[in-house]
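# Observations on the three-dimensional arrangement
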Amino acid sequence: MQNLKEKYGPWALITGSSSGIGAEFANQLAAQGLNLVLVARREDRLKTMAARLEEEFSIKVLTVGADLSKPDFIKTINHKTSDLEIGLLINNAAMMYINNYLDAPIEDELKLIDLNIKAPAILTHHFAGKMIQRKKGGIIYVASTLGYMGTPYSSAYAASKAHEVSKGEGLHYEFKSKGVDAMVLSPGLTRTEMTDGLDFSHMPMKLMETEDVVRAALKGLGKKSQVIPGGMNKMMAWMSKRIMSRDMITNMMGKMMKISVDKAAA
Ligand SMILES: NC(=O)c1ccc[n+]([C@@H]2O[C@H](COP(=O)([O-])OP(=O)(O)OC[C@H]3O[C@@H](n4cnc5c(N)ncnc54)[C@H](OP(=O)(O)O)[C@@H]3O)[C@@H](O)[C@H]2O)c1
């Protein structure tokens, strides 16, 4: 296990840390002794987590209640973090939907773009410069296996994740000679609030646990440009690049996602 505190400490900032994969990043980084800035809208949850993690791991935890889809959220974050050395940024918060495209108003898609694409861009631009000055740091983009394929009935979400895949790959190359490790984490189906209540039993992929997803990410940080946790997810990503044409994979995803939409509507 690499020494994450030495490489990426003393502070890590995790967006979307009130549940799911973000909360698990908080657990595993706290166990490694990093101080944390936890960001999400449900600050009451963050405060409860902060008290537990400070007590259990003797670290410092700050909480920031912010809606990252709203303009000017960076002012709120800057106000709380301007005198901290943030060595690790985890761009994790996102929203997802599965529906018939025209059933949702355009405002939903624009909010998704603000949260899934604009917020990570603003945060990266804000923190990466100081990391590069210190020649030390890490940035994780939490994307998705859907970022590698056209995904009917969740096309804007998949497109937002394709943006993160490409952004992380590019910055991995651009920043590596400057001492900063950018990496894309592309989970497949994972048991969190995002997948709660959705029926994916007709899909070949099985739900992974957040512990395994985050463990794989932290193992790969500084070594890889991308981590796809889980054998079946790796296989799907590989097939989508090497064996099936993009049209073939989109058709396959379309059939599976249509079943999910119909089940959700039933
Ligand atoms: N679960 C999966 O199957 C799966 C698969 C592939 C990729 N992912 C990716 O994994 C990441 C984490 O998702 P998850 O599965 O852990 O889902 P989750 O449990 O629903 O967590 C989403 C987090 O984002 C925060 N969030 C949502 N909207 C926000 C907003 N407007 N402003 C600030 N924070 C906001 C939520 O906190 P608040 O509600 O308190 O704001 C929550 O902490 C996402 O990028 C997701 O796309 C998930």
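Since the structure is predicted, the reported quantities are computational estimates derived from the model, not experimental observations.

## Some words on the overall build of the protein
A count of helices and strands for the protein gives nine helices and seven strands. Taken against the 2.2 N^0.38 rule, which gives 18 Å for 266 residues, the C-alpha radius of gyration of the protein at 18 Å falls within 12% of a compact globule. The principal-axis extents of the C-alpha atoms in the protein amount to approximately 50 × 35 × 30 Å. In the protein, which comprises 266 residues, the proportion classed as buried is 42%. Look at the contacts in the protein between residues 6 or more apart in sequence, and 69% of them connect residues 24 or more apart.

## As for the packing of helix α2 (residues 20-31) against helix α7 (residues 210-220)
Relative orientation of the contacting elements α2 and α7 amounts to 60°, with a least axis distance of 9 Å. By the angle between their directions, the pair α2 and α7 is classed as oblique. At the point where α2 passes α7, the crossing takes the right-handed sense. Two secondary-structure elements touch here, α2 through G20, I21, E24, F25 and Q28 and α7 through T210, E211, V213, V214, R215 and L218. Looking at the contact of α2 with α7 residue by residue, the classes come out as five nonpolar, three polar and three charged.

## Considering the site of the ligand
Within the structure, the ligand sits among 28 residues, and G16, G20, R41, R42 and A94 are positioned closest to it. In terms of residues, the shell around the ligand owes the most to one element, α2, which gives three residues. Taken together, the residues that form the shell around the ligand break down as 12 nonpolar, 12 polar and four charged.

## Here we look at the environment of A50
Structurally, A50 can be placed in helix α3 (residues 43-57). Along the sequence, A50 and A143 sit 93 residues apart, while their C-alpha atoms lie 25 Å from each other. If sequence neighbours within four positions are ignored, A50 has contacts with L38, V61 and T63.

## Brief notes about the sheet that holds strand β6 (residues 180-185)
Strand order in this open sheet of seven strands is β3-β2-β1-β4-β5-β6-β7, and the pairing throughout is parallel. The sheet is open, and its two edges are formed by β3 (61-65) and β7 (226-227), each paired on a single side. The sheet contact formed by strand β1 (residues 11-15) and strand β2 (residues 35-40) spans five bridges and is parallel. Bridge pairing in β2 links W11 to N35.

## Quick word on unusual backbone geometry
Of note, the bond from G9 into P10 is cis; its omega dihedral lies within 30 degrees of zero at 0°. At D72, a residue that is not glycine, the phi angle is positive and equals roughly 75°. Tracing the backbone shows D72 in the loop between β3 and α4 (73-81).

## Some words on the pairing of β6
With respect to burial, β6 is a largely interior element, six of its six residues being buried. Of the two faces of β6, both are covered, the one formed by V180, A182 and V184 as well as the one formed by D181, M183 and L185. Summarising the sheet, strand β5 (residues 137-142) and β6 pair through six bridges and their orientation is parallel. Directly across from G137, in β6, lies its bridge partner V180. As paired strands, β6 and β7 are joined by two bridges and run parallel to one another. Among the inter-strand pairings, V184 is bridged to a residue of β7, identified as Q226.

## As for the nonpolar core
Within soluble globular proteins, side chains that are nonpolar generally end up buried alongside one another. Judged by nonpolar contacts, the single largest core of 71 residues is most densely connected at A12, A26, L34, L36 and L38. With near-sequence residues (within four places) excluded, A26 lies in contact with I14, S17, L36, L38, M49 and L53.

Criteria and cut-off values
Residues numbered from 1 in each chain as written. Predicted model: local features only at pLDDT ≥ 70, side-chain atom pairs only at ≥ 80, totals over all residues. Helix = DSSP H or I, 4+ residues; strand = E, 2+ residues; numbered from the N terminus. Rg over C-alpha atoms; globule rule 2.2 N^0.38 Å. Buried ≥ 20, exposed ≤ 12 C-beta atoms within 10 Å, placed from the backbone. Contact = placed C-beta atoms within 7 Å. Axes fitted to C-alpha atoms, helices over the stretch in contact; angles between N-to-C directions. Parallel < 35°, antiparallel > 145°, perpendicular 65-115°, else oblique. Left-handed = near helix turned anticlockwise from the far one by under 90°. Nonpolar A, V, L, I, M, F, W, Y, C, P; charged D, E, K, R; others polar. Near = placed C-beta within 6 Å. Pairing = 2+ DSSP bridges. Core = buried A, V, L, I, M, F, W, Y, C linked by C-beta atoms within 7 Å.

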